[in-house]
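Per-entry structural report
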Amino acid sequence: MKRKTANQFDQRVLDLYDDFAHGRLDRRGYLKGLAAFAVGGVTVEALEESLSPNYAWAEQVPATDPRIKTETVTYDSPEGGGQISGLLARPATGEKFPSVVVIHENRGLNPYIADVARRLAVEGFLALAPDALSPLGGYPGNDDDGRAMQRRRDGDEMTEDFVAAVKWIDTHELSTGKVGAVGFCFGGGMVNQLAVRLPDVLDAGVPFYGRQPDAEDVAKIKTPLSIQNAELDRRIMAGAEAFNEALKANEVPYESHVYPGANHGFHNDTTPRYDEAAAELAWKRTLAWFNRYLKA
């Protein structure tokens, strides 16, 4: 099935999907909402399918790409979930690399996030993509079950899992000791939390449409941040300006980008919310940020 684009949907349909994907709407309410837009021979089932992720679209760098090496690793998270597994990707040649932790959305280490890690490896980074669902058996193979599983995890413990990930890769034998983090949705908010928690360890952060930290915590941030937001993402945009002003007041190096007409999740190339132009520009800015602060 060919991926549709956001402009082929009523914005209210995309908003319904966003509410469902973030747990603000259960499946029954989601399907009921979609029914109002199932017109002209389009069934609710067909509408749901067209909105759902298709991971065949996300593979930009296959696991077999000769430019990289990948492996599954585990690391200790004693204050979190205990043992956390993840994908470690790196260039096929070289001895040490700047490192980046890749933080998934609210559904575990799915194929899209694994591909993002491989994309970073192609660009010369040691990339670790942890799976916060590890204590529950790992990503289950589909996003609906993944979301349900992630809701069962304790939020504070998951934060510790990613704190442990940054510390683990920072001292990894293949790491130069320069470490960044990039995350999407839940992961974007986690990047902001890591900047609060690890100001002297995290050297650069790129949060994509992530929840901002509490105002009183912004003063703890030293990590340079490149913030990527979507104009139509009302929930995240509601706190964006205040966050920018707080970073500025605390003299934190940052840049903040808002992509016109883009929806929350615009970088995820598995759903119609994907915006190719915005995603490509945001990725160029991501790489430029990491090159600036991790490779210098």
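Residues numbered from 1 in each chain as written. Predicted model: local features only at pLDDT ≥ 70, side-chain atom pairs only at ≥ 80, totals over all residues. Heavy atoms only, no water.

Below, the discussion takes up the overall build of the protein chain. Looking only at helices and strands, the protein chain has 10 helices and 8 strands in total. In terms of overall dimensions, the protein chain is globule-like: its C-alpha atoms have a radius of gyration of 19 Å, near the 19 Å expected for 296 residues. Taken along the three principal axes of its C-alpha coordinates, the protein chain extends 60 × 45 × 35 Å. Relative to its 296 residues, the protein chain shows a buried fraction of 54%. Taking the contacts inside the protein chain whose residues are at least 6 apart along the sequence as the reference set, 69% of them involve residues at least 24 apart. Working note: accessible area of the protein chain is about 13,000 Å², and carbon and sulfur atoms make up 48% of it. (Helix = DSSP H or I, 4+ residues; strand = E, 2+ residues; numbered from the N terminus. Rg over C-alpha atoms; globule rule 2.2 N^0.38 Å. Buried < 20%, exposed > 50% of the residue type's maximum accessible area, 1.4 Å probe, protein only. Contact = heavy atoms within 4.5 Å. Areas by Shrake-Rupley, 256 points an atom, 1.4 Å probe, with all protein chains shown as cover.)

A few words now on the UniProt feature "domain: Dienelactone hydrolase" (unreviewed entry) in the protein chain. UniProt feature "domain: Dienelactone hydrolase" (unreviewed entry): in the numbering of this structure it lies at residues 84-294. Counting secondary structure, residues 84-294 comes out at 39% helix and 22% strand; the distance between its end C-alpha atoms is 25 Å. (UniProt positions renumbered as here; feature names shortened; annotations may be inferred.)

Here the focus is the side chain of His257. Relative to the assigned elements, His257 resides in strand β8 (residues 254-259). A polar contact is formed between the side chain of His257 and the side chain of Glu255, at a distance of 3.2 Å. Of note is the side chain of His257, whose polar atom sits 3.3 Å from the side chain of Arg285. If we skip the residues at most four places from it in the chain, His257 touches Ser226, Ile227, Gln228, Asn229 and Arg285. (Polar contact = N/O pair within 3.5 Å; in protein donor to acceptor, adjacent residues only side chain to side chain.)

A few words on the domain arrangement of the protein chain. Here the protein chain is described as being made up of domain 1 (6-52) and domain 2 (56-295). Both faces combined, the contact of domain 1 with domain 2 buries some 1,200 Å², and carbon together with sulfur accounts for 45% of it. Contact with domain 2 buries area across many residues of domain 1, yet Tyr17, Ala21 and His22 alone supply 34% of it, more than any other trio. Asp18 is the partner of Arg273 in a salt bridge, and the nearest nitrogen-oxygen pair spans 2.9 Å. Where domain 1 touches domain 2, the interface holds 7 residue pairs in polar contact (both at pLDDT 80 or more). Within the residue set of the side of domain 1 that touches domain 2, elements represented by two or more residues are α1 (11-21) and α3 (44-51). Looking at the side of domain 1 that touches domain 2 element by element, the count peaks at 7 residues for α1. Along the lines of polarity and charge, the residues of the side of domain 1 that touches domain 2 split into 7 nonpolar, 5 polar and 4 charged. (Domains from an automatic or database assignment. Buried area = accessible area lost by both parts, 1.4 Å probe. Salt bridge = Lys/Arg side-chain N within 4 Å of Asp/Glu carboxyl O. Nonpolar A, V, L, I, M, F, W, Y, C, P; charged D, E, K, R; others polar.)

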